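A look at the structure
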Amino acid sequence: MSGTYNDSLTDVSSDSFWEVGNYKRAVRRVDDGNRLCNDLMNCIHERARIEKAYAQQLNEWAKRWRQLIDKGPQYGTLEQAWNALMAEAEKVSDLHMDVKSSLMGEDFEKVKNWQKDAYHKQMIGGFKETKEAEDGFRKAQKPWAKKLKEVDTAKKTYFAACKEEKLATSRENNSKLENNANPDAQKKLQEKVEKCQQEVQKTKERYEKSLEELDKVTPQYMENMEQVFEQWQQFEDKRIGFFKELLLDVKKHLDLSSSAKFQTVYHTLEDTIQAADPDEDLKWFRANHGPGMHMNWPQFESWKGLAAHTGSVLTFGPFLKDWSIDMNRTLSRRDKKKPGDGVMLTGISQTGEQPAKSSSSLAVPRSLEPVGTNPFEDEEDEEDTPQEQTISCPTVPVIKDQVPTKTASSVDKTQDWSDDEAGNPFGADSNGNGNGNGNPFEDEPSSPTVSVPVKALYDYEGQEQDELSFKAGDEFIKIGEEDDQGWCKGRLKDGTVGLYPANYVEDIQ
């Protein structure tokens, strides 16, 4: 009897689904499905935020670089090709905003609605489906679990009896080895062994009987558990199938390569870039900024005088207009007017009567030569010429209302000289001020004080003495507003003051 007992036998719990209570993993899968719905919605929502942020960055990038290109030196068809990149970014930005809308408006809402239909919350907490799964498995396992408990009890009783029988046998054998053993004690030990052997036999029969009863209910137990498990397998199958369809929808929304709009964007971009023609751009630059430009070459012109007839109304318009155009043609954008430069007219009578001396003088600044003077002549020749040239002309009657009471001079600014305001470069401005916009000899109005820190975007090497030179990343101060030609005045950290192209820097916020 004692040979049927093994001391190494222990209760080792199995991880099998059929063990009592191990169905809880199948029940927990219902709760996990609900949590996975939340995770999927969070995943879609986060991707939608990324799409939106990317679309906004593309738009900002396109806007900033379009402005830089428009203000930059690039021209012609290549400028159009470069701008095509900005157009591509704007269109792709719109497509990514559509992706964001599809993710949130379709996919996110689809998961949310499916979750609402599949999982129903209870008033006491948890989900109705979880409780149904728990109850189904417990009901299917309860009869078998009861028989299993009886088997475990019979098993423990049998093992205890075997252990006691083995201990009694060991004591009896030890008593027989002793020579002076009491016969009565040996008899009691023998009776104890027989009693233990009988108890082992009884517990073994009960143990075997309980196992037979457990084996009888096991098939039904397995069938019931299979049915409940299959029910929740179908529930999980619906969730997995839904997730698969949804992920395919997400892929369709994210895959812009299959979108006709996306393909059109890059076909248009390629066509625009391919249309860039270097020969056409070079031809345009030659015609607009090179030898192909129109030139009013100097020609001999006869002096016609200031007035055609004595006693007629004095009209300076056509003569001074042509003369002003020829004079301004030699001026560069950075010519500065000196405070003392001006025009002096004498010998013009306010009443129209001829004075004793019939003459007028026109003072011309040395820096502004009359028609026909070459602005590229050596400075030595300029020093030999007188600082003022006097042009004499006969006194001509002038309408009284059009001549100011003060004689025109280099200090007092002149007002309207004739009826033709458009043809008079020395005419007053719209406010009646003597310093009209058409007079190239008057001082430029002082610009308002500016002090703005700026940062260089590109390298620039000054081409003339009054231009600044800097590297990309350098910081300095803008001290003058941008003029009509796109130049600003600035001061470097070492104190150097000069001009620079406005589109080569950006304000430091």
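Keep in mind it's a predicted model, so treat the numbers as computed, not measured.

Rules and cut-offs
Position numbers for residues start from 1 in each chain and track the written sequence from start to end. A pLDDT threshold of at least 70 governs which residues receive local features in this predicted model, and a stricter bar of 80 or more applies before side-chain atom pairs are shown or counted, although totals over entire chains, interfaces and linings include all residues. In computing side-chain properties, one takes all heavy atoms of the structure into account and sets aside hydrogens as well as water. Helix and strand assignments follow DSSP, with helices taken as H or I runs no shorter than four residues and strands as E runs no shorter than two, numbered in order from the N terminus. Throughout this description, buried means an accessible area under 20% of the type-specific maximum (1.4 Å probe, protein chains only), exposed means over 50%, and partly exposed covers the range between. The protein chains shown are the only cover counted for residues, whose accessible areas, like all others here, come from Shrake-Rupley with a 1.4 Å probe. Residues grouped as a nonpolar core are buried Ala, Val, Leu, Ile, Met, Phe, Trp, Tyr and Cys residues, joined through side-chain atoms within 4.5 Å. Any two residues whose heavy atoms approach within 4.5 Å are treated as being in contact. Lines fitted to C-alpha atoms define the axes here, with helix axes fitted over just the stretch in contact, and angles between the N-to-C directions of these axes take values from 0 to 180 degrees. In this scheme, roughly parallel covers angles under 35 degrees and roughly antiparallel covers those over 145, while 65 to 115 is roughly perpendicular and the rest are oblique. Each crossing gets its handedness from the near helix: less than a right angle anticlockwise from the far helix is left-handed, clockwise is right-handed. Whether two strands pair comes down to DSSP finding at least two bridges between them. What makes a salt bridge here is a side-chain nitrogen of Lys or Arg within 4 Å of a carboxyl oxygen of Asp or Glu, nothing more. Under the pairing criterion, centres of Phe, Tyr and Trp rings, with the six-membered ring standing for Trp, must be within 6.5 Å; the plane angle then separates stacked pairs below 30 degrees from edge-to-face pairs above 60, leaving the rest tilted. A ring is considered to have a charge above it if a Lys NZ or an Arg CZ atom is located within 6 Å of its centre and within 35 degrees of its normal. A residue counts toward a patch only above 30% relative accessible area and without a salt bridge, and it is joined to like-charged neighbours within 9 Å or, for Val, Leu, Ile, Met, Phe, Trp and Tyr, to nonpolar neighbours within 5 Å. pLDDT is a residue-level measure of predictor confidence that goes from 0 to 100. Multiplying one less than the number of residues by 1.5 Å gives the expected span of a helix. Directions pointing from the helix axis toward each C-beta atom define the arc. Under this definition, polar contacts are N or O atom pairs within 3.5 Å; protein pairs additionally need one hydrogen-donor-capable and one acceptor-capable atom, and for neighbouring residues in sequence, both atoms have to be side-chain atoms. Under the convention adopted here, Pro, Cys and the residues Ala, Val, Leu, Ile, Met, Phe, Trp and Tyr are nonpolar, Asp, Glu, Lys and Arg are charged, and Gly plus all remaining residues are polar. Positive charges are assigned to Lys and Arg, negative charges to Asp and Glu, while His and the chain termini are left out of the count. Here the site of a charge means atom NZ of a Lys, CZ of an Arg, CG of an Asp or CD of a Glu.

Here's the deal with the overall build of the protein chain
When helices and strands are tallied, the protein chain shows 8 helices and 5 strands. Each helix and strand of the protein chain, ordered N terminal to C terminal, gives the series α-α-α-α-α-α-α-α-β-β-β-β-β. Of all 509 residues assigned to the protein chain, the portion counted as buried reaches 31%. Of the roughly 34,000 Å² of accessible surface on the protein chain, a fraction of 50% belongs to carbon and sulfur atoms.

What about the nonpolar core?
If you look at soluble globular proteins, the nonpolar side chains tend to sit buried side by side. Ile44, Val111, Tyr119, Phe137 and Trp232 are the most contacted members of the largest nonpolar core, which totals 50 residues. For this core, the secondary structure elements donating two or more residues are helix 1 (24–71), helix 2 (76–118), helix 3 (128–177), helix 4 (183–254) and helix 5 (260–274). The biggest single contributor to this core is helix 4, with 12 residues. Apart from residues no more than four positions distant in its own chain, Trp232 is found in contact with Arg29, Val30, Glu129, Glu132, Ala133 and Phe137.

Observations concerning the packing of helix 1 against helix 2
The contact between helix 1 and helix 2 brings their axes to 8 Å, and the two run at 165°. Here helix 1 is positioned roughly antiparallel relative to helix 2, judged by the angle of their axes. Crossing of helix 1 over helix 2 shows left-handed handedness.

A few points about the sheet that holds strand 5 (residues 505–507)
On the basis of which strands lie adjacent, the open sheet formed by 5 strands has the order 4-3-2-1-5 and antiparallel pairing. Each of the sheet's edge strands pairs with one partner strand only, and the pair in question is strand 4 (497–501) and strand 5. With direction set aside, neighbouring strand axes in the sheet form an average angle of 45°. Two elements, strand 3 (residues 487–491) and strand 4, share 5 bridges in a ladder whose sense is antiparallel. Across the sheet, Trp487 pairs through a bridge with Pro501, a residue of strand 4.

Structural notes on the pattern of salt bridges
Once the charged atoms of two side chains with opposite charge are near each other, the side chains can pair. In the structure shown here, the tally under the stated rule is 12 salt bridges. Salt-bridge contacts for Lys147 lead to Glu213; the nearest nitrogen and oxygen are separated by 3.5 Å. A residue pair is termed long-range when its members are at least 10 positions apart, and Lys147 in helix 3 and Glu213 in helix 4 qualify at 66 residues. Assessed through its relative accessible area of 24%, Lys147 is described here as partly exposed. A residue is classified by how much of its surface remains accessible, and Glu213, at 26% relative accessible area, is partly exposed. A network of salt bridges, in which partner residues are shared, links Lys24, Lys131, Glu134, Asp135 and Arg138.

Here's the deal with the environment of Asp94
Along the chain, Asp94 turns up in helix 2. Separated by 42 residues in sequence, Asp94 and Lys52 have C-alpha atoms that sit 9.6 Å apart.

Section: the side chain of Asn503
With respect to the element layout, Asn503 can be found in the loop between strand 4 and strand 5. Asn503 has contacts with Leu68, Lys71, Gly72, Leu457 and Tyr458, leaving out every residue within four places of it along the chain.

Brief notes about the packing of aromatic side chains
Overall, the coordinates contain 25 aromatic pairs when judged by the stated rule. Feature note: the residues Phe17, Trp18, Tyr23, Phe137, Trp144, Tyr221 and Phe229 constitute an aromatic cluster, connected by ring pairs. Stacked on the ring of Phe243, the Lys or Arg Arg239 has its end atom at 4.9 Å from the ring centre.

Brief notes about a nonpolar patch on the surface
A cluster of nonpolar side chains, namely Trp61, Trp82, Leu85 and Ile273, defines an oily patch on the protein surface of about 350 Å² accessible area. Mapped onto the elements of the fold, Trp61 is located in helix 1.

A word on the pairing of strand 2 (residues 475–478)
The pairing of strand 1 (residues 452–456) with strand 2 spans 4 bridges and is antiparallel. Following the sheet pairing, Pro453 is matched in strand 2 by Ile477. Taken together, the 2 bridges between strand 2 and strand 3 define a ladder with antiparallel strand orientation. Residue Lys478 lies in a different strand from strand 3, and its bridge partner there is Gly490.

Description of the confidence of the model for the protein chain
The predicted model of the protein chain averages 76 in pLDDT, with 69% of residues at 70 or higher. Considering only residues more than four positions removed or in separate chains, one finds that residues 1–12, a stretch of pLDDT under 50, has 14 contacts. In this model residues 307–445 is a low-confidence stretch, pLDDT under 50, and it forms 174 contacts with partners more than four residues away in sequence or in other chains.

Topic: helix 5
Taking 1.5 Å as the rise per residue, helix 5 with 15 residues should run 21 Å; its terminal C-alpha atoms sit 21 Å apart, in good agreement. Restricting attention to buried positions, one finds in helix 5 the residues Phe262, Val265 and Leu269. For helix 5, the arc enclosing every buried residue in end-on projection is 55°, short of the 170-degree limit, so these residues lie on one face. Along helix 5, exposed side chains directed more than 90 degrees from the buried face belong to Ala260, Asp271 and Gln274. Where helix 5 is buried, its residues meet helix 2. The distance from a side-chain oxygen at the start of helix 5 to the backbone nitrogen of Lys261 is 3.4 Å, and the residue carrying that oxygen is Ser259.

Examining the packing of helix 1 against helix 4
Where helix 1 meets helix 4, the axes come as close as 10 Å, and the angle between the chain directions of the two elements is 5°. By the criterion of interaxial angle, the relationship of helix 1 to helix 4 is roughly parallel. Contacts from Ala26, Arg29, Val30, Gly33, Leu36, Cys37, Leu40, Ile44, Arg47 and Glu51 of helix 1 reach helix 4 at Phe229, Trp232, Gln233, Phe235, Glu236, Arg239, Phe243, Leu246, Leu247, Val250 and Leu254. The residue inventory of the contact of helix 1 with helix 4, partitioned by class, reads 14 nonpolar, 2 polar and 5 charged.

Here we look at a negative patch on the surface
A contiguous patch of negative charge, built from Glu205, Glu208, Glu212 and Asp215, is present on the exposed surface. Residue Glu205 is classed as partly exposed on the basis of its relative accessible area, which comes to 46%.

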